[in-house]
Amino acid sequence: MPTFLRWSGTLLLAPLLLPTPALADPATDADFRLYTRLAALNICVMRAAGIEFDRAVAIAGETISLVLQGQHGGMIVQMGPKPLARDELRKGSSNSAVIDAVEICPDNVPADVVKNVRGLIKQQSGGKPAPAPAAK
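The structure displayed is predicted, hence computed values, not measured ones.

**Some details on the state of the cysteines**
And step 1. Taken as a whole and assessed by the stated rule, the structure comprises 1 disulfide.
And step 2. Here C44 connects covalently by a disulfide to C105, the sulfurs 1.9 Å from one another. Its torsion about the S-S bond being -85 degrees, the disulfide of C44 and C105 is classed as left-handed. Taken together, the residues C44 in helix α2 (residues 29-48) and C105 in the loop between α4 (86-104) and α5 (111-124) connect sequence positions 61 residues apart. There is no split in this pair, since C44 and C105 are both buried.

So this is what it looks like as structure tokens:
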């Protein structure tokens, strides 16, 4: 793709990603679940394309944090009325996307990560095992 097309696309999207806290409503639980699911799907797609796991997670987390900042002023209903810092958004978004990626495409997530996520889910659910992935 010619460079000017890449730049024009970035420039056109940039205003959509700028924070507008005075006008933005906090992200609802449904908003955050949607963004997380999309980021998890992106992790799955990037991993299937051969992109390193940590890099795929970083890209997905950055994407969600930009959307949360641009569309919701960095605010998430469950986190209270104060906007979250970009690093907080990145970390929480990345963690949420990894949890969903373990559910959606466990074969594209490193085995130790799958084990840790399922262990945390089991611990939080009072000892009940994490749900098995859906049959393919």
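Next comes the rest of the description.
**Here we look at the nonpolar core**
And step 1. Counting residues in hydrophobic clusters, the biggest one holds 26 residues, and the most contacted among them are I43, F53, L68, I76, A101 and V109.
And step 2. Counting residues per element, the ones that place at least two in this core are α2, α3 (53-72), α4 and α5.
And step 3. Ranked by the residues each element gives to this core, the list is headed by α2, at 7 residues.
And step 4. Apart from the residues within four sequence positions on either side, F53 is in contact with I43, R47, V98, N108, V109, P110 and V113.

**A few points about α2**
And step 1. Here α2 contains 20 residues, and its C-alpha end-to-end distance of 28 Å stays within 8% of the 28 Å for a straight helix at 1.5 Å per residue.
And step 2. When we look at burial in α2, the residues that qualify are F32, Y35, T36, A39, A40, I43, C44 and M46.
And step 3. Contacts from the buried residues of α2 go to α3 and α4.
And step 4. Downstream of α2 by one or two residues, G50 has phi in the positive range, about 95 degrees.

Calculation notes
- Residues numbered from 1 in each chain as written.
- Predicted model: local features only at pLDDT ≥ 70, side-chain atom pairs only at ≥ 80, totals over all residues.
- Heavy atoms only, no water.
- Disulfide = S-S within 2.5 Å.
- Helix = DSSP H or I, 4+ residues; strand = E, 2+ residues; numbered from the N terminus.
- Buried < 20%, exposed > 50% of the residue type's maximum accessible area, 1.4 Å probe, protein only.
- Core = buried A, V, L, I, M, F, W, Y, C linked by side-chain atoms within 4.5 Å.
- Contact = heavy atoms within 4.5 Å.
- Expected span 1.5 Å × (residues − 1).

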